[in-house]
Amino acid sequence: MKVILAEYSGFCFGVKKAIDRAFNEVKLNKEEQPIYSLGPLIHNPQVVAKLAESGVKVVDNLDEIKEKGNIIIRSHGVSEEIYGAAKKKASKIINTTCPFVRRIQDIVKEHHQKGYKIAIIGNPNHPEVIGINGWCNNEGMIIKEKEDVEKIPIDSPLCVVVQTTMAIPLYHELTQLINSRVKDKEIKIYNTICHATQERQNAVKSLAKEVDAMIVVGGYHSSNTQKLVAISKVERPDTTFHVETAEELDLDQLKKFEILGVTAGASTPPWIIDAVVKRLNSLE
Ligand code: F3S
């Protein structure tokens with residue numbers, strides 16, 4: 001049995017920065033102000049539980065905050081309106097919006113002000129997409145699949161951005177359709193899929209070809225982890241396994257394979273990846 005870890009996996013730059021800042025804030029909080037995270041800081045329940053143990057309370061919306069305190073804006077970002085309201089309500093804002101998400105918010109704001117229609121390729125229910133739309137007055141058209149391209153008007157200049165964790169092939173397919181629909185007007189397409197996503201998706205694609213089975217480690221609600229699972233399944237439809245923790249590995253099922261590949265979403269902490277690799281190595 002051989003276990004191979006993907007070339008790129010686990011915490012990305014934006015998530016690591018957000019986690020470090022949150023734990024640092026706990027350390028600096030000598031006056032013991034309440035610390036709130038507006039939504040779970042990342043889509044990984046184990047990390048969120050650790051933060052909760054250190055005193056970071058997750059709230060779903062600002063109305064839940066009754067006592068003034070420090071408010072953490074997570075890496076997915078929030079809308080302009082919520083950001084403004086949080087600033088009024090907080091003693092201090094800890095803005096951990098990933099710079100790559102921040103860039104998309106700036107692009108849509110600027111182009112919306114200049115009169116462009118905005119199209120956001122992504123999942124309409126994902127907090128990053130909801131937040132981005134809130135920087136163009138919630139007037140963006142959310143393009144999740146081919147059918148959605150038909151809602152794009154053909155007679156207005158258009159600015160297209162993409163959720164940072166979008167699957168690359170779907171992005172290419174959708175932008176091709178958009179280009180052929182809006183032929184006679186200006187279109188600005190910004191490929192805002194972040195490099196961490198691209199690296200992890202490319203790495204899982206090539207590793208899945210080399211192994212007998214793939215283990216994808218990460219939160220069940222993590223968008224980028226779900227994309228890694230989907231990409232792996234193209235190569236390994238019956239032997240791709242998604243787990244959140246090492247304890248979930250089914251060793252009886254896995255011991256029949258000779259080569260196992262491991263990858264992890266951008267919100268999966270190193271200690272969980274290490275535990276998974278260690279447990280798999282115990283099969284040797
Ligand atoms: Fe940022 Fe990309 Fe990670 S957008 S939070 S570096 S997945």
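See the structure printed just above.
To start, this report covers the structure provided alongside it.

### Regarding helix α7 (residues 195–210)
Next up, step 1: With 16 residues, α7 ought to run about 22 Å at 1.5 Å a step, and its terminal C-alpha atoms sit 23 Å apart, in line with that.
Next up, step 2: All of the buried residues along α7 are Ala196, Thr197, Arg200, Gln201, Ala203, Val204, Leu207 and Ala208. Considered in projection along α7, the buried side chains sweep an arc of 165° and stay on one side of the axis.

### Observations concerning empty space enclosed by the protein
Next up, step 1: For the structure shown, the criterion picks out 1 cavity of 30 Å³ or more.
Next up, step 2: Within this model, the largest cavity holds a volume of roughly 310 Å³.
Next up, step 3: Taken together, 24 residues form the lining of the largest cavity, with Cys12, Val15, Thr164, Thr165 and Asn224 sitting closest to its centre.
Next up, step 4: At the level of elements, α1 (13–28), α4 (99–113), α7 and α8 (223–235) are the ones that each hand at least two residues to the lining of the largest cavity.

### Brief notes about the side chain of serine 37
Next up, step 1: On the secondary structure map, serine 37 appears in strand β2 (residues 35–38).
Next up, step 2: There is a polar contact of 2.5 Å between the side chain of serine 37 and the backbone oxygen of glycine 39.
Next up, step 3: Apart from the residues within four sequence positions on either side, serine 37 is in contact with Val56, Lys57, Val58, Val59 and Ile72.

### Digging into the packing of aromatic side chains
Next up, step 1: Summed over all chains, the structure comprises 2 aromatic pairs.
Next up, step 2: Here lysine 50 stacks its cationic end above the ring of tryptophan 271, 4.8 Å away from the centre of that ring.

### A closer look at the environment of proline 157
Next up, step 1: Inspection of the secondary structure assignment puts proline 157 in the loop between β7 (141–143) and β8 (158–162).
Next up, step 2: Since its relative accessible area comes to 28%, proline 157 is described here as partly exposed.
Next up, step 3: In sequence terms proline 157 and aspartate 184 are 27 residues apart; their C-alpha atoms lie 9.1 Å from each other.
Next up, step 4: Dropping the residues within four chain positions of it, proline 157 is found in contact with Gly115, Tyr116, Lys117, Lys185 and Glu186.

### Brief notes about the site of the ligand
Next up, step 1: The full set of residues close to the ligand is Cys12, Gly14, Val15, Cys98, Phe100, Thr164, Cys194 and Thr197.
Next up, step 2: Here the ligand occupies the largest cavity.

### Concerning the layout of surface pockets
Next up, step 1: Each pocket or cavity is described by its volume, and for the largest pocket that value is around 340 Å³.
Next up, step 2: Around the largest pocket, the lining comprises 16 residues; the ones closest to its centre are Leu38, Asp60, Arg74, Val78 and Ile82.
Next up, step 3: Considering each element in turn, the lining of the largest pocket owes the most residues, 3 residues, to helix α5 (residues 127–133).
Next up, step 4: Each residue belonging to the lining of the largest pocket can be placed in one class, and the counts come to 8 nonpolar, 5 polar and 3 charged.
Next up, step 5: Volume-wise, the second largest pocket comes out at about 220 Å³.
Next up, step 6: Taken together, 14 residues form the lining of the second largest pocket, with Asn123, Lys144, Ser223, Gln226 and Lys227 sitting closest to its centre.
Next up, step 7: At 3 residues, the largest contribution of residues to the lining of the second largest pocket is made by α8.
Next up, step 8: Among the residues making up the lining of the second largest pocket, the classes are represented as 4 nonpolar, 8 polar and 2 charged.

### Concerning the sheet that holds β7
Strands belonging to one sheet form pairs held by backbone hydrogen bonds; the direction of such a pair is parallel or antiparallel.
Next up, step 1: Judged by pairing direction, the sheet is parallel, and its 4 strands sit side by side in the order β7-β6-β8-β9 without closing on themselves. In this open sheet, the two edge strands, each paired with only one partner strand, are β7 and β9 (187–189). Neighbour-to-neighbour, the strand axes of this sheet turn through a mean angle of 20°, independent of strand direction.
Next up, step 2: Where strand β6 (residues 117–121) meets β8, 5 bridges bridge the pair, whose relative direction is parallel. Across the sheet, residue alanine 119 finds its bridge partner in β8, namely valine 160.
Next up, step 3: Here α4 sits on the sheet and contacts β6, β8 and β9; the angle it forms with β8, its principal contact strand, is near 170°.
Next up, step 4: The sheet contacts of helix α6 (residues 168–181) involve β6, β7, β8 and β9, and relative to β9 the element is tilted by about 175°.

Definitions and cut-offs
- Residue numbers run consecutively from 1 along every chain, following the written order of its sequence.
- It should be noted that, the model being predicted, local features are given only for residues of pLDDT at least 70 and side-chain atom pairs only at 80 or more, the latter also being counted only at that level, while totals for whole chains, interfaces and linings use all residues.
- Neither water nor hydrogens contribute to the side-chain values; these are computed over all heavy atoms in the structure.
- Helix and strand assignments come from DSSP, with helices taken as H or I runs of at least 4 residues and strands as E runs of at least 2, each series counted from the N terminus.
- Take the residue count of a helix, subtract one, and multiply by 1.5 Å to get its expected span.
- For each residue, the accessible area found with a 1.4 Å probe, counting protein chains only, is set against the maximum for its type, and the residue is called buried under 20%, exposed over 50%, and partly exposed in between.
- The directions from the helix axis to the C-beta atoms form the arc being described.
- Site definitions follow a grid-based scheme: protein atoms alone, a 1 Å grid, a 1.4 Å probe that fits but cannot get out for cavities, and for pockets an open set with protein on both sides within 12 Å along at least five of seven lines, plus lining residues having an atom within 4 Å of a point.
- Grid points are joined across faces, edges and corners, and a volume is the space filled by probe spheres set on the points.
- Polar contacts here mean pairs of N or O atoms no more than 3.5 Å apart (in protein, one a potential hydrogen donor and the other a potential acceptor; neighbouring residues in sequence count only if both atoms are side-chain atoms).
- By definition in these notes, contact holds between two residues if any of their heavy atoms fall within 4.5 Å.
- Under the pairing criterion, centres of Phe, Tyr and Trp rings, with the six-membered ring standing for Trp, must be within 6.5 Å; the plane angle then separates stacked pairs below 30 degrees from edge-to-face pairs above 60, leaving the rest tilted.
- For a ring to carry a charge above it, either NZ of a lysine or CZ of an arginine must fall within 6 Å of the ring centroid while also lying within 35 degrees of the normal to the ring plane.
- Whether a residue is near a molecule or strand depends on its heavy atoms: it is near if one of them lies within 4 Å of it.
- In this scheme, a molecule is assigned to a cavity or pocket if more than half of its atoms are within 2 Å of the grid points.
- Three classes are used, and their members are as follows: Ala, Val, Leu, Ile, Met, Phe, Trp, Tyr, Cys and Pro are nonpolar, Asp, Glu, Lys and Arg are charged, and the others, Gly among them, are polar.
- Any two strands between which DSSP finds at least two bridges are classified as paired.
- Structural elements are reduced to axes, namely lines fitted to C-alpha atoms, with helices fitted over the stretch in contact, and the angle between N-to-C directions of any two is expressed from 0 to 180 degrees.

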